[in-house]
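Residue strings, one per chain:
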Amino acid sequence: MSDDLQQRIQNAIKNPQNIGEMENADSVGTVGSPECGDMLRMWVKFKEDANGRKVIDRATFQTFGCETAIAVASVATELIAGKTVEEALSMSGSDLAAPLGALPPMKIHCAQLVEGALRSALVPTPAAAPSVPAQKTGSLIESFAGAPAGKVKVVLKP
Ligand code: FES
């Protein structure tokens, strides 16, 4: 990893944006990486913009992930604010990580973890959809600490 990229990641994780559970989220998505076993949960709140479009008001995240995943999630949650669902869905992991610069091949899956959680939140699939409303999903750690076996649904994204 280049020194420049490492510095941008370090800067992003010194003051991560939008980290933490969102109490009044409209949607939530959780994914695990088959590459490394890390996990990321993203909460999304929508609003109507001045043109009457449904757009992302804000997004927050929690992760059991590496520094790159934290940095990408931090910049991604800033990038997607104000975008429609379609616009956000059109963004790849590389797009979401763009403020950090190009990621090396061994770190691309970290951005894909963020992309997967965002997609899971924006387009819940039956397997990914929480069995309770988004505001009742709780934090990522609570999912493991308090949930009986079989109650946590994790969707591995390729
Ligand atoms: Fe697992 Fe980066 S190594 S998300």
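So, here is what we can say about the structure in this document. (Residues numbered from 1 in each chain as written. Predicted model: local features only at pLDDT ≥ 70, side-chain atom pairs only at ≥ 80, totals over all residues. Heavy atoms only, no water.)

### Re the packing of aromatic side chains
So, point 1. Scanning the model with the defined rule gives 0 aromatic pairs in all.
So, point 2. Lying across the ring of Phe46, Lys54 places its NZ or CZ 4.3 Å from the centre. (Phe/Tyr/Trp six-rings, centres within 6.5 Å; stacked < 30°, edge-to-face > 60°. Lys NZ or Arg CZ within 6 Å of the ring centre and 35° of its normal.)

### Details of the packing of helix α2 (residues 67-79) against helix α5 (residues 108-122)
So, point 1. Here α2 crosses α5 at 45°, and the two axes come no closer than 8 Å. In terms of orientation, α2 lies oblique with respect to α5. Classified by chirality, the crossing of α5 by α2 is right-handed. Along the contact surface, α2 presents Thr68, Ala69, Val72, Ala73 and Ala76, while α5 presents Cys110, Ala111, Leu113 and Val114.
So, point 2. Here the contact of α2 with α5 is composed, by residue class, of 8 nonpolar, 1 polar and no charged. (Axes fitted to C-alpha atoms, helices over the stretch in contact; angles between N-to-C directions. Helix = DSSP H or I, 4+ residues; strand = E, 2+ residues; numbered from the N terminus. Parallel < 35°, antiparallel > 145°, perpendicular 65-115°, else oblique. Left-handed = near helix turned anticlockwise from the far one by under 90°. Contact = heavy atoms within 4.5 Å. Nonpolar A, V, L, I, M, F, W, Y, C, P; charged D, E, K, R; others polar.)

### Quick notes on the nonpolar core
So, point 1. Ranked by internal contacts, the top residues of the largest apolar core, which has 34 residues, are Leu40, Met42, Val44, Ile80, Leu100, Val114 and Leu122.
So, point 2. Among the elements of the structure, α1 (3-14), β2 (39-48), β3 (54-64), α2, α3 (85-89), α4 (93-97) and α5 are those that each provide at least two residues to this core.
So, point 3. With sequence-adjacent residues up to four places away left out, Val114 is seen in contact with Leu40, Met42, Ala69, Val72, Ala73, Ala76 and Leu96. (Core = buried A, V, L, I, M, F, W, Y, C linked by side-chain atoms within 4.5 Å. Buried < 20%, exposed > 50% of the residue type's maximum accessible area, 1.4 Å probe, protein only.)

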